[in-house]
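Now for the letters of each chain:
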Amino acid sequence: MINDDLKHLVIVGGGTAGWLTAGILAAKCVKEHGRDLKITLIESSKVGTIGVGEGTWPTLRTTLKTMGISETEFIRKCDATFKQGACFKKWIDNSEDDFYYHPLMLPSNLGPLNSVIRKLNNGSDDGSLSYSTMLCSQEVACERGLAPKTISTPEYQGALNYAYHLDTNKFAAFIKEHCVNNLNINHVVQDIVGTTMGDEGEVCSLRLADGLELIADFYIDCSGFAGLLIDKHFNVPLIDKSDILFCDRAVAVQCPYENEEAPIASHTISTATGSGWIWDIGLQKRRGIGHVYSSKYMNEDEAVSELRKYVGKQMDQLDVRQIKYTPGYRQKFWAKNCVAVGLSAGFVEPLEASSILLVEISAYWIAEKLPQKKSGFVNCEKQFNETFSYRWDTIIEFLKLHYCISTRTDTDFWRDNTHPDSIPKVLQDKLALWGEQCPSVVDFLNRADVFPFESYCYILYGMRFKTATHAVGDAHLNMLERKIENQQRNMASLIHSLPSNRSLIRKICEYGLQKI
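Just so we're clear, the structure is a prediction, and the values are computed from it rather than from any experiment. (Residues numbered from 1 in each chain as written. Predicted model: local features only at pLDDT ≥ 70, side-chain atom pairs only at ≥ 80, totals over all residues. Heavy atoms only, no water.)

Participant: What exactly am I supposed to notice about the overall build of the protein here?
Facilitator: Assigned secondary structure in the protein consists of 15 helices and 21 strands. Against the compact-globule benchmark of 24 Å for 516 residues, the protein has a radius of gyration of 24 Å, which places it among compact chains. When the backbone C-alpha atoms are referred to their principal axes, the protein occupies close to 75 × 55 × 50 Å. Here the protein holds 516 residues, and 56% of them are scored as buried. Within the protein, contacts between residues at least 6 apart in sequence are counted, and of these 77% link residues at least 24 apart. Surface accessibility of the protein: about 22,300 Å² in total, with carbon and sulfur atoms responsible for 49%. (Helix = DSSP H or I, 4+ residues; strand = E, 2+ residues; numbered from the N terminus. Rg over C-alpha atoms; globule rule 2.2 N^0.38 Å. Buried < 20%, exposed > 50% of the residue type's maximum accessible area, 1.4 Å probe, protein only. Contact = heavy atoms within 4.5 Å. Areas by Shrake-Rupley, 256 points an atom, 1.4 Å probe, with all protein chains shown as cover.)

Here it is, written out as C-alpha cells:
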C-alpha cells in the first residue's frame, strides 16, 4: 500500500523568499501546530539574490515575532530602519508642489467620508490641508524624519504603525541562520540539474549535481525568475501584464550617506520620471536608489542618465545594476505537488512593496492549509490558484491606479497610462462609480483583497481624484472641525515625544529594545 502521508517538504531556493517561507512553515506547522514534518531547503552556492526588494509591510513585524526573532537583533544585523509609508512625488501633475503620502496608519474616524471630502474640497486658508494630514498624524512624522516609537517602547510595538526598510542580502542571511539554528530547517547546498516526473506529471525527485536525488512529498519553488519547478518542470506560462503596467526594467545603485549624521528618511520616496519612477530607501549606512522604467519608452542609457540626475556626482563612483523582468504572474501557482512562491510566482514592480508581502501571505496560507495527506493536494491547488490569481489581479489594479488617474501629459508614457485600453475593466468600473459617489468599504468585501479601502482613499484623494459628494449640514462640518482640532493637538503632543529615525536606530544598536 502506497504511503499517502505528507512527511517531507522541500523548498527549492534560498534568498528572502526561500528562508522566509521556511521560517514561517517551521514556526506555524511544526512548533505551533505540532506537525511531524521535515522541512529541507536546498540552494545553489552559485546563484545570487536580486537584492533590491528593500521595502516591507507591517505584517513583517508579526512574522518575525512568530518566528521567535528579536527585533533588536534584526535591526542590528539587517541594516534595518523604520518605514512609515511612502511619499509620491511628481505623480499628479509634475508641478513643484506635487507630492502626497500613503501612510501605514489607518485614517482616524472623523465621521462620514462624504463630510471629510467636503471639508477637503473646501480647502484650508494656508493650502496645507490634504487627505493624509486630515486623517492621520503619520505624514507629519515622516516629514520631520521621526521614528514611530521610542527606545522604551517594547519590541514590535509602536506609537505609530510601521514596517521596515532592510538590506535583503543581509536579511536572507540572518533568517537563514535563525532557521538552521533555531527552527531545525535541514539545509542542503547543492545544484539542481533536473527533476524526475511521476505518472501524473508531479515532481518525484530533484536530480542533483553530485549524482544523488532529493525526494520529498511536497515542493515549494522559491528559485526566483529561474522557476526551476513551476517553469522548467511544469511549463506553467507567465501571464504578461505589460499592457497594464508598462515598467519592465530597473537600474539601481547603493549610495552611501554623506556623513554619519545624515538623516534617515522614515518612508519610501517614490519620484516619478518621464517614463517610470525612482525609489529612494534609507538604510542605516546607505540609501538604496533605483529607477524603474519602461523599455518601450526609454532605453537603458536614458534610464541611467535620469538616475544620475537624481543621485548627483556620487553616481560616477557607484556600481549600477541592471534588472530585467516581465510584469506578470503564473497562469497557476500550485501544480500537483508543487507551489511557486516569490519571484518564481511572478513580479510586477516594487511600487507599494508587495513582493515580500506576497511571500508572507503565501507561506501563511500553505502553513494553514497544507494537508496531512498527499491526496489533499487537489483541493488545495484549486483554492490556492483562485485566491492568489485574484490577489495578483487586485495588486496590479491598485498599482495601475497610481498611473491612470495622473494628469501628467508631458510624455507618451504618462499619456498612454491614462488610455482606457491599458486600464483593467474592473478598475474602470470602480473609477466611474467613484466619480458619482464616495468610495465605500462595501466596495471591498472580498477577504482576499490585499489593499484595503483605506489605501485606495489615500491614493485617490492624494492624487486629487474628484469624487462626487452630497450636501453636508453645518452640524456635521462643525463636528468634523472639532475632531480635526482634537486630533491635531494629540498629534502635536505625540510628535514632540518621538526621536528622529537615525537617533532611535543608533540607540537600538547600542542598547537594544525592551523584550515583550
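Participant: Could you clarify how one ought to interpret empty space enclosed by the protein in this entry?
Facilitator: Empty space among the atoms can be located by rolling a probe the size of a water molecule over them. As enumerated under the stated definition, the model contains three cavities of 30 Å³ or more in all. Space inside the largest cavity adds up to approximately 130 Å³. Lining the largest cavity are 18 residues, with Gly342, Gly346, Ser355, Leu358 and Trp392 positioned closest to its centre. Of all the elements in the fold, those that place two or more residues in the lining of the largest cavity are strand 21 (346-347), helix 9 (354-369) and helix 10 (377-404). By residue class, the composition of the lining of the largest cavity is 12 nonpolar, five polar and one charged. (1 Å grid on protein atoms, 1.4 Å probe; cavity = no way out; pocket = protein on both sides within 12 Å on 5 of 7 lines; lining within 4 Å. Points joined across faces, edges and corners; volume = space filled by probe spheres on them. Nonpolar A, V, L, I, M, F, W, Y, C, P; charged D, E, K, R; others polar.)

Participant: Explain the layout of surface pockets here, please?
Facilitator: Here the second largest pocket defines a volume of roughly 520 Å³. Together, 22 residues line the second largest pocket, and Leu129, Ser130, Tyr131, Gly462 and Arg464 are the ones closest to its centre. A per-class count over the lining of the second largest pocket returns 10 nonpolar, eight polar and four charged.

Participant: Help me out: how do you make sense of the environment of Leu206 in this one?
Facilitator: Here Leu206 lies in strand 9 (residues 203-208). Not counting the four nearest positions on each side in its chain, Leu206 is found in contact with Val10, Val12, Ile42, Ile192, Gly194, Thr195, Leu212, Glu213, Leu214, Tyr219 and Leu229.

Participant: Even after reading the chapter, I still don't get unusual backbone geometry, so can you show me in this structure?
Facilitator: Leaving glycine aside, a negative phi is the common case for residues, and trans is the common case for peptide bonds. Phi at Asn184 takes a positive value of approximately 60°, unusual for a residue other than glycine. Looking at where Asn184 falls in the secondary structure, it is placed in the loop between helix 7 (168-182) and strand 7 (186-189). Take Asn184: its relative accessible area is 67%, and that puts it in the exposed class. Phi angles above zero are rare outside glycine, and Ala353 is one such case at about 50°. With respect to the secondary-structure elements, Ala353 resides in the loop between strand 21 and helix 9.

Participant: Sorry, what's going on with the pattern of salt bridges here?
Facilitator: Once their charged atoms are close, side chains differing in charge can pair, the charge on each being opposite to the other. Counting across every chain of the model gives 27 salt bridges. Across the pair Lys232 and Asp231 runs a salt bridge, and its minimum N-O distance is 3.5 Å. For the salt bridge of Lys241 with Asp393, the shortest nitrogen-to-oxygen distance reads 3.9 Å. Taken together, the positions of Lys241 in the loop between strand 12 (238-240) and strand 13 (249-256) and Asp393 in helix 10 put the pair 152 residues apart, joining distant regions of the chain. For Lys241, a relative accessible area of 16% gives the class buried. Its relative accessible area of 34% is what places Asp393 among the partly exposed residues. By sharing partners, the salt bridges in this structure join Glu54, Asp167 and Arg286 into a single network. (Salt bridge = Lys/Arg side-chain N within 4 Å of Asp/Glu carboxyl O.)

Participant: Whenever I open this one, the pairing of strand 5 (residues 99-103) confuses me. Can you help?
Facilitator: Regular strands have side chains that alternate between both faces of the sheet. With four of five residues buried, strand 5 lies mostly within the body of the structure. With five bridges joining them, strand 4 (residues 85-89) and strand 5 adopt antiparallel strand pairing. Following the sheet pairing, Cys87 is matched in strand 5 by Tyr101. (Pairing = 2+ DSSP bridges.)

Participant: Quick question: what am I supposed to make of helix 7 here?
Facilitator: Along an α-helix, a turn takes 3.6 residues, which lines up residues three or four apart on a common side. Its 15 residues give helix 7 an end-to-end C-alpha distance of 20 Å, which sits within 8% of 21 Å, the value for a rise of 1.5 Å per residue. For helix 7, the set of buried residues is Thr168, Phe171, Ala172, Phe174, Ile175, His178 and Cys179. Buried residues in helix 7, looked at end-on, bunch into an arc of 165°, giving them a common side. Taken together, the buried residues of helix 7 touch helix 1 (15-32), helix 2 (59-66) and helix 3 (71-77). With a side-chain oxygen lying 3.0 Å from the backbone nitrogen of Asn169, the N-terminal cap of helix 7 falls on Asp167. Asn184 lies just past helix 7 and shows a positive phi near 60°. (Expected span 1.5 Å × (residues − 1). Arc of directions from axis to C-beta. Polar contact = N/O pair within 3.5 Å; in protein donor to acceptor, adjacent residues only side chain to side chain.)

Participant: I tried to follow the packing of aromatic side chains on my own but got confused; where do I start?
Facilitator: For any pair of aromatic rings, the description consists of the separation of the ring centres together with the inter-plane angle of the planes. A full pass over the atoms with the stated rule returns 41 aromatic pairs. Clustering of aromatic rings is evident, with ring pairs tying together Phe88, Trp91, Tyr100, Phe246, Trp277, Trp279, Tyr297, Tyr403, Phe413 and Trp414. Here the guanidinium or amino end of Arg391 rests over the ring plane of Phe388, the centre of that ring lying 4.9 Å away. Across from the ring centre of Phe246, 4.5 Å away, lies the NZ or CZ of Lys400, which sits over that ring. (Phe/Tyr/Trp six-rings, centres within 6.5 Å; stacked < 30°, edge-to-face > 60°. Lys NZ or Arg CZ within 6 Å of the ring centre and 35° of its normal.)

Participant: Help me out: how do you make sense of the nonpolar core in this one?
Facilitator: Soluble globular proteins tend to bury their nonpolar side chains together. Core analysis: the biggest nonpolar cluster contains 141 residues, and Phe74, Trp91, Tyr131, Leu206, Phe218, Ile220 and Ile366 have the highest contact counts within it. Of all the elements, helix 10 adds the most residues to this core, at 12 residues. Apart from the residues lying within four places of it in its own chain, the contact partners of Ile220 are Leu9, Val10, Ile11, Val12, Thr21, Leu25, Val339, Val341 and Ile366. With 13 residues, the next largest nonpolar core counts Val251, Cys255, Ile278 and Val311 among its residues. (Core = buried A, V, L, I, M, F, W, Y, C linked by side-chain atoms within 4.5 Å.)

By themselves, these are just geometric observations and shouldn't be taken as functional.
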